[in-house]
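Geometric and topological summary
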Amino acid sequence: MKKNFLILSLLICTAALAQDGNEPADTSWKKIYRAEATKINDLVHTKLDVKFDYAKSYMYGKEWLTAHPHFYPTDSLTLDAKGMNINQVALFVNGKTTPLKYTYDSMFLRITLNKTYKANENYTIYIDYVAKPDEWKEGGSAAISGAKGLYFINPRGEDKDKPTEIWTQGETEHNSVWMPTLDKPNQKSTDEISMTVPDKYVTLSNGLLTSQKKNADGTRTDTWKMDLPQSVYLFFMGVGDYSIIKDSYKGKDVAYYVEKKYAPVARGIFGNTPEMIKFYSQTLGIDYPWQKYDQIVGRDYVSGAMENTTATLHGEGAYQDARQLKDGNDWEDVIAHELFHQWFGDLVTCESWANITVNESFADFSETIWNEYKYGQDKGDEKNYDDMQTYLNSNSADKQLVRFHYADKEDVFDAVSYPKGGRVLNMLRHYLGNDAFYASLNKYLNDNKFKNGEAQQLRLAFESVTGQDLNWYWNEWYYGTGHPVLDISYVYDDAAHKASVIVQQKQTQQVFKMPVNIDIYNGANKTRHQVWIQNAVDTFTFDYTTRPDLINFDGDKILLCEKTDHKTADNYRAQWKYAPLFVDRLEAINYFADSKMLDELALGLNDKYYGIRSLTLDRLKQIPDAAKNASILQTVQRIAVSDEHNRTKQRAISMLASTKDPQYKSIYEKAITDSSYSVAGAALDGLSKLDSANAYSLAKQYGTDAKGTLDQVATRIIISSGNEADYDMIVNKYDALPLSQTKLNITPAFCTYLSKLNDTEKIKAGIDKVVAFRNGIPEQYRSFTDPAIKGGLQKLAAAKGGDVQAYVDNALK
């Protein structure tokens, strides 16, 4: 699963990361050990025959569930079954049913079997039931904002701008809202699901579509079979009016289910999937293990994406049009993440939520290695660095990667399980080497395939392959908390020809033991020394003939840590010139920017990698003197006209725009028709700064059907300058903005626009849009977003008074 707070831009990202370190007021959970669920019975096979009632948002289900005792004999079976009507429970033998006694309390279906069964003695239970997901009341979380399991989207077609769809979301334990089951991650089952749907719709589920039968009432029954065991939370159903774009990998079907208007760009969004499957298969030494691989996009999805076995569900953030794709596929990391789960999470599944790291940390790590493989070392290093910063900024140092104590199982989907865990794996890869690392993953997967795994099994696989005892690493990174917080200083003794590197660990948690490479540069000549940090203070001394130009601690920039590095300006000049890695150059650029060293900072404009060029432009824009430097502006102008990367070009145009110099007007006029929304948006911003009186008409001209940066700039201008006649357009534009930092930033301006209106009903309808935006933000994060949202509404109320004041007061209760 790809979490909401890692996807929904800076709004939820920043709030969630800041919130991660905060604990609930009730800390009694700290005394509760969250063990793997006890197995009394084991699932064997699940057969479902379901029909959907769109008018009521009900599902009518018939289930044949085959199970057997795990070890000890038993005469009972307790199933998770949430909020259902149970019509019949019976033993099913040779096509005949025999009623069984049961009790049901809207959570658990407790069945008395017809006899005591022994281990591995199968029995089949038949259940006739009605699932009522919209009537089930259970809170979601920041990671998964709903807990209904089964979602009817626009089921009665009341919203003409939204398709009618059905999709399911099982993780963590929500599939038991639509099927009685043993809803724990350590239960695996084969399955067969028959769905009866209106004939105009297509269906998707796990495994293969084995039959389709048209019915006399205008419906069709599709049967999907999964003949390999998977965990219950990975069961999936999807229904809707989709186009199916077909692809393949080694003769296995690969398909993309998208709304019809996105069919022309489906390959632009998902088309790297076969190459990803090949890359991951070869890297792991285990070919893609399932029958096929489909991906489907669901409206109003409650998280980012979900790795249902053979049938990944994506949120509508996956949808991008052709112009958006000109700026790069923003969903590609999610696609890679979910695909890697087909091995780590689906083939081998965490035995309990406490061990979610063996699912999510691997999927997070997979994004780094895909970028490294597909787009080069700099891109992979940038991804690794960005994810490291996500964790370091999350205030999560008090949480273990393997977490047997938590308030709610949803809490483990956080910055520790994702980016920290991914970096822990990347450090381990660096320490052991690629060959040993991937051989160990191969063993872990093969030893535990179609079963469950946990962190100790992972350790044993690594120890078996490498011959090393790795308890020290697991104890620090999997069962310990925090990360190194390092202060690194340097002492040079030219008389003795010795240099000392002094490393202090300042974190309040454990003292870490870690191997670190220290690279010593004399010009371009590099000498590497591997050392171990293992004390609160470590001193490493090296001989030299000529004082080094640079001593580069953590030469491969792999260590998950915070650091204060006391290098000099000359050291950073040498680092920029000689140290080759993305993070080496990034650190130098940031030092030059912080020190206002414009000549050195401008070197980044000519870097080989667009990420460094973009960073340099961002940092230059923060320094007023840079906009007065003719040499810098000449280079920025070149980038604005000819850079190969659109978002770098956008930043260059934006920097030129900040000067408000009319000499760049021709660049904006050409760029505003660019196929890239980012480039066109920056150009519109530039033109608006030169001709504010004409900005409004330009925004309406170019922003009507725009997305991305162009839409954001146009929306800002229109909201700032619009009048009552623009009401429908402005409200629709505001409403269409995704849950994002952009929408948060624009909300005060939208409220100001509403204050200019005379029609009270229109004002109230606009207020409803703002309140709906606020309500979509998880309550625990509103302290971060309310200053903008409530502040804007309160200013509106104060400006209008009367009915509007009362309406706002009531809305914010």
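Residues numbered from 1 in each chain as written. Predicted model: local features only at pLDDT ≥ 70, side-chain atom pairs only at ≥ 80, totals over all residues. Heavy atoms only, no water.

Further remarks concern the overall build of the protein chain. Scanning the protein chain for helices and strands turns up 26 helices and 29 strands. The dimensions of the protein chain, computed from C-alpha atoms along their principal axes, are 90 × 75 × 55 Å. Buried positions account for 58% of the 813 residues belonging to the protein chain. Relative to all contacts within the protein chain whose residues are 6 or more apart in sequence, the contacts with residues 24 or more apart total 69%. With an accessible surface of roughly 32,100 Å², the protein chain has 47% of that area assigned to carbon and sulfur atoms. When the 94 basic and 107 acidic side-chain charges of the protein chain are each reduced to a single mean position, those positions are 2 Å apart. (Helix = DSSP H or I, 4+ residues; strand = E, 2+ residues; numbered from the N terminus. Buried < 20%, exposed > 50% of the residue type's maximum accessible area, 1.4 Å probe, protein only. Contact = heavy atoms within 4.5 Å. Areas by Shrake-Rupley, 256 points an atom, 1.4 Å probe, with all protein chains shown as cover. Lys, Arg positive; Asp, Glu negative; His and termini not counted. Charge placed at Lys NZ, Arg CZ, Asp CG, Glu CD.)

On to the environment of Ala714. Within the secondary structure layout, Ala714 lies in helix H21 (residues 708-721). When the C-alpha positions of Ala714 and Ser189 are compared, they lie 52 Å apart, and in sequence the two are 525 residues distant. Those residues within four positions of Ala714 in sequence are excluded, and the remaining contacts are Leu684, Ala699 and Gly703.

Next up on the list: the side chain of Asn448. Considering the arrangement of structural elements, one finds Asn448 in helix H9 (residues 434-448). Judged by its relative accessible area of 8%, Asn448 is buried. Setting aside anything within four residues of it in sequence, one finds Asn448 in contact with Leu347, Val348 and Gln457.

Turning our attention to the sheet that holds strand S7 (residues 108-117). One open sheet accounts for three strands, arranged S3-S7-S6; its pairing is antiparallel. In this open sheet, the two strands that pair with only one neighbour each are strand S3 (74-80) and strand S6 (102-104). Within this sheet the neighbouring strands show an average axis-to-axis angle of 20°, counted without direction. Of the pairings in the sheet, the one linking S3 to S7 comprises six bridges and is antiparallel in character. In the strand pairing of S7, Leu77 is matched with Ile111. (Pairing = 2+ DSSP bridges. Axes fitted to C-alpha atoms, helices over the stretch in contact; angles between N-to-C directions.)

So, about the environment of Ile245. Here Ile245 lies in strand S16 (residues 242-249). The spacing of Ile245 and Leu204 is 41 residues in sequence and 13 Å in space, taken between C-alpha atoms. Residues within four places of Ile245 in sequence aside, it is in contact with Val254, Ala255, Tyr256, Val258, Ala263, Ala266 and Arg267.

This paragraph deals with the pattern of salt bridges. Scanning the entire structure with this criterion turns up 53 salt bridges. Of the charged contacts in the structure, one is a salt bridge between Lys689 and Asp685, with a shortest N-O distance of 2.8 Å. Of this pair, Lys689 and Asp685 both sit in helix H19 (residues 677-690), four residues apart, which is roughly one turn of the helix. With a relative accessible area of 34%, Lys689 lands in the partly exposed category. On the basis of relative accessible area, Asp685 is assigned to the buried category, the value being 12%. It is possible to trace a salt-bridge network through shared partners that takes in Lys2, Asp333, Asp364, Glu367, Lys383, Asp387 and Arg423. (Salt bridge = Lys/Arg side-chain N within 4 Å of Asp/Glu carboxyl O.)

For strand S25 (residues 514-522), the buried fraction is high: eight of the nine residues fall into the buried class. Across nine bridges, S25 lies against strand S26 (residues 525-533) in antiparallel orientation. Along S26, the bridge assignment pairs Asn517 with Gln530. Hairpin connection between S25 and S26: a loop of two residues separates the two successive antiparallel strands, and Gly523 in this loop has a positive phi of roughly 60°. The sheet contact formed by S25 and strand S28 (residues 550-553) spans four bridges and is antiparallel. Bridging across to S28, Ile520 finds its partner in Ile551.

As a further point, take unusual backbone geometry. With an omega of 5°, the peptide bond between Glu171 and Thr172 qualifies as cis. Relative to the helices and strands, Thr172 resides in the loop between strand S10 (165-168) and strand S11 (188-198). With a phi close to 60°, His497 is a non-glycine residue in the positive phi region. Tracing the sequence through the fold places His497 in the loop between strand S23 (485-493) and strand S24 (498-505).

Contact pair helix H15 (residues 610-621) / helix H17 (residues 646-659): the axes reach a minimum separation of 9 Å and the direction vectors enclose 15°. The orientation of H15 relative to H17 falls into the category roughly parallel. Taken as a pair, H15 and H17 cross one another with a handedness that is left-handed. Residues Tyr610, Arg613, Ser614, Leu617, Asp618, Leu620 and Lys621 of H15 lie in contact with H17, whose contacting residues are Arg647, Thr648, Arg651, Ala652, Ser654, Met655 and Ser658. Looking at the contact of H15 with H17 residue by residue, the classes come out as five nonpolar, four polar and five charged. (Parallel < 35°, antiparallel > 145°, perpendicular 65-115°, else oblique. Left-handed = near helix turned anticlockwise from the far one by under 90°. Nonpolar A, V, L, I, M, F, W, Y, C, P; charged D, E, K, R; others polar.)

As a further point, take H15. The terminal C-alpha atoms of H15, which comprises 12 residues, lie 16 Å apart, in line with the 16 Å expected from a rise of 1.5 Å per residue. Burial within H15 is extensive, with nine of its 12 residues counted as buried. Those residues of H15 that sit buried are Gly611, Ile612, Arg613, Ser614, Leu615, Thr616, Leu617, Arg619 and Leu620. Of the surrounding secondary structure, the elements contacted by the buried residues of H15 are helix H7 (377-392), helix H12 (569-578), helix H13 (582-594), helix H14 (598-602), helix H16 (630-642) and H17. (Expected span 1.5 Å × (residues − 1).)

A separate point is the nonpolar core. Membership of the largest hydrophobic core comes to 154 residues, with the highest contact counts inside it found for Phe52, Ile125, Tyr129, Trp343 and Phe553. Broken down by element, this core gets its largest block of residues, seven residues, from helix H8 (residues 416-432). Setting aside its immediate chain neighbours within four residues, Ile125 contacts Glu63, Trp64, Leu65, Leu77, Val89, Ala90, Leu91, Leu100, Ile111 and Leu113. In this structure, Ile623, Ile667, Tyr696 and Phe750 belong to the second largest nonpolar core, which totals 80 residues. (Core = buried A, V, L, I, M, F, W, Y, C linked by side-chain atoms within 4.5 Å.)

Strand order in the open sheet formed by eight strands is S5-S4-S8-S2-S1-S11-S14-S13, and the pairing between neighbours is mixed. A strand with exactly one partner marks an edge of an open sheet, and here the two such strands are strand S5 (96-99) and strand S13 (208-214). Going from strand to strand, the sheet's axes swing by 20° on average, the running direction of each strand aside. By the bridge criterion, six bridges tie strand S4 (residues 85-93) to strand S8 (residues 123-131) in an arrangement that is antiparallel. Pairing of Ile86 across the sheet is with Tyr129, part of S8.

For strand S20 (residues 311-315), the buried fraction is high: five of the five residues fall into the buried class. Every second residue of S20 is oriented toward a common face, with Ala311, Leu313 and Gly315 on one face and Thr312 and His314 on the other, all of them buried. Summarising the sheet, strand S18 (residues 293-298) and S20 pair through five bridges and their orientation is parallel. Note on S20: the bridge partner recorded for Val297 is His314. Bridge analysis of strand S19 (residues 305-306) against S20 gives two bridges, and the strand direction is antiparallel. Paired with Ala305 across the bridge in S20 is His314. Here S19 folds back onto S20, and the loop between the two strands holds four residues, one of which, Thr310, carries a positive phi near 65°.

Time to look at the side chain of Thr357. Along the chain, the position of Thr357 falls in helix H6 (residues 357-375). On the accessibility criterion, Thr357 (2% relative accessible area) is buried.

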